[in-house]
Amino acid sequence: MDTKLIHADDDITRVSDVVQPINVATTFRYNADPEKLVKYQDLPENSIIGNPVYSRLSHPNSENCEAVLSEILNGHVVCYSSGLAAFMAALSYFNPKVLAIGDGYHGCHGVANLFTRWNGLKQISLVDSFDELQKGDVVHLETPVNPTGLALDIQEYADKAHEKGAFLLVDATFAPPPLQDPFLFGADMVMHSATKYFGGHSDLLAGCLVTKNLAVKTKLVEDRVFLGTNIANLESFLLRRSLRTYGMRIERQSSSAEKIVAHLHENRQSYKALKEIYHSSLQSEAFVKQQLSSHSPVFAIDLVSEEAAKRFPSKCSFFQHATSLGGVESLVEWRAMSDTTVRPTLLRLSVGTENVQDLIEDLDTALKSCID
Ligand SMILES: *Cc1c(COP(=O)(O)O)cnc(C)c1O
């Protein structure tokens, strides 16, 4: 993966620069030779990629991002202007009558609610029986799930969806490669908020869909032209920049999170404020080991009171109190600030690339000083 992150787009980079330059053009000159001009209706399939015409369709930096992400995500990647734009594109593509959707990122529920408003999309929960699902419907599984970082069994949901002829869409934002490959356990499509680990510096917004099927990719790219949600030029440059160091970042963040969670777990008796710790590294089900090769850099804790949870972030020096995750800077969020569905004692922590001992000491201090 580390070599692909540097070189997977060498062949399509259009200039000799070692780094594909920032390219802000929205429009690109057609071939100067009239004999080589092809009318839109005569263009071959898949010609949107590789022939920049207008940046809403595609542009050089978005194509570099897609080339690199395709290699590391083991499928054909289509990039979007955000993670939610990717989810919107997936639902637009599948156009299900019934959507089974679990807990997880509240924004995805917001997108599903738009489909319900427009055309009566019926939503059921992952714990409901899937009897209502029909051919072409969608099961949306987020794993590990926001905000706890607990893992769900991809194979189990793939089997349940496929039994009904439905598709399994997996939001794998919390465990990007090499942590987890949902395709190995039956996913039909995978999405990521690239704002998180692929971006990794809390300075760009992007998303992507991954499919094993080239025809599906072609359709997604065509749909994206009219959804108007291609990843922007400058964001693409930043994303391509970030991907160069992605391998080192994810490895460090994942291993630090495991160490921090293990420390809290082993010393939990000494923390009066700590009620519960949630993380896939503390799960004992067999599927967790099979499906996750290492654990998400996100975990959650419940404190003994709302007051303690509200005060906790102010007691941290390195974990900054902000929403989002995936960046090199560690973040903590009193989750009730942005997610109305979550109990007010819950804190979500996103582990960055700082020295792990510093992070452990930071949480240790905050846990000891957030209650009187
Ligand atoms: C952040 C996030 C999203 C939405 O991504 P944006 O890039 O903010 O639109 C979707 N799913 C999960 C799990 C996320 O963490």
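Use the structure listed above.
This one's a predicted model, so the numbers in the text were calculated from it and none came from an experiment. (Residues numbered from 1 in each chain as written. Predicted model: local features only at pLDDT ≥ 70, side-chain atom pairs only at ≥ 80, totals over all residues. Heavy atoms only, no water.)

Looking at this model, I keep getting lost on the overall build of the protein chain. Mind explaining?
On a plain count of helices and strands, the protein chain comes out with 11 helices and 12 strands. For a compact globule of 372 residues, the expected C-alpha radius of gyration is about 21 Å, and the protein chain comes in at 22 Å, within 12% of that figure. Put simply, the protein chain has 372 residues, and 52% of those count as buried. Considering only contacts in the protein chain between residues 6 or more positions apart, those separated by 24 or more positions represent 71%. Accessible surface, the protein chain: about 16700 Å² in total, of which carbon and sulfur atoms supply 52%. Treating the 34 positive side-chain charges of the protein chain as one cloud and the 46 negative ones as another, the clouds have centres 3 Å apart. (Helix = DSSP H or I, 4+ residues; strand = E, 2+ residues; numbered from the N terminus. Rg over C-alpha atoms; globule rule 2.2 N^0.38 Å. Buried < 20%, exposed > 50% of the residue type's maximum accessible area, 1.4 Å probe, protein only. Contact = heavy atoms within 4.5 Å. Areas by Shrake-Rupley, 256 points an atom, 1.4 Å probe, with all protein chains shown as cover. Lys, Arg positive; Asp, Glu negative; His and termini not counted. Charge placed at Lys NZ, Arg CZ, Asp CG, Glu CD.)

What should I look at first to understand the site of the ligand in this one?
Residues in close proximity to the ligand include Ser82, Gly83, Leu84, Tyr105, Glu142, Asp171, Thr173, Phe174, Ser193, Thr195, Lys196 and Ala206, which together make up its full environment. Within the backbone of Leu84, one N or O atom sits 2.9 Å away from an oxygen atom of the ligand. Separating an oxygen atom of the ligand from a side-chain N or O atom of Lys196 is a distance of 2.7 Å. About the coverage of the ligand: the protein hides 94% of its 380 Å² of free accessible area. (Near = heavy atom within 4 Å. Polar contact = N/O pair within 3.5 Å; in protein donor to acceptor, adjacent residues only side chain to side chain.)

Even after reading the chapter, I still don't get the packing of helix 8 (residues 246-266) against helix 11 (residues 356-369), so can you show me in this structure?
To describe two helices that pack against each other, one gives the angle between their axes and the distance between the axes. The geometry of helix 8 relative to helix 11 is characterised by a closest axis approach of 10 Å and an angle of 35 degrees between their N-to-C directions. Like other packed secondary-structure pairs, helix 8 and helix 11 cross with a definite hand, here right-handed. Contacts from Ser256, Lys259, Ile260, His263 and Leu264 of helix 8 reach helix 11 at Val356, Leu359, Ile360, Leu363, Asp364 and Leu367. In the contact of helix 8 with helix 11, the residues fall into 7 nonpolar, 2 polar and 2 charged. (Axes fitted to C-alpha atoms, helices over the stretch in contact; angles between N-to-C directions. Left-handed = near helix turned anticlockwise from the far one by under 90°. Nonpolar A, V, L, I, M, F, W, Y, C, P; charged D, E, K, R; others polar.)

Just checking my understanding: could you explain the sheet that holds strand 5 (residues 167-171) for this structure?
By way of backbone hydrogen bonds, the strands of a sheet pair with one another, either parallel or antiparallel. Across the sheet, which stays open at both edges, the 7 strands sit in the order 1-7-6-5-4-2-3 with mixed pairing between neighbours. Looking at strand neighbours, the two that pair on one side only are strand 1 (76-80) and strand 3 (122-124), the edges of this open sheet. Pairwise comparison of adjacent strand axes, ignoring direction, gives a mean angle of 20 degrees for this sheet. Of the pairings in the sheet, the one linking strand 2 (residues 98-101) to strand 3 comprises 3 bridges and is parallel in character. Within strand 3, the position partnered with Leu99 by the bridge is Gln123. (Pairing = 2+ DSSP bridges.)

Hey, could you run me through helix 11 in this one?
Because an α-helix packs 3.6 residues into every turn, residues spaced three or four apart end up facing the same way. A rise of 1.5 Å per residue sets the reference length of helix 11, with its 14 residues, at 20 Å; its end C-alpha atoms lie 20 Å apart and thus fit the reference within 8%. On the buried face of helix 11, the contacting elements are helix 8, strand 8 (274-278), strand 9 (298-303) and strand 12 (346-350). Measuring from the backbone nitrogen of Gln357 back to the side-chain oxygen at the start of helix 11 gives 2.8 Å, which picks out Asn355 as the cap. (Expected span 1.5 Å × (residues − 1).)

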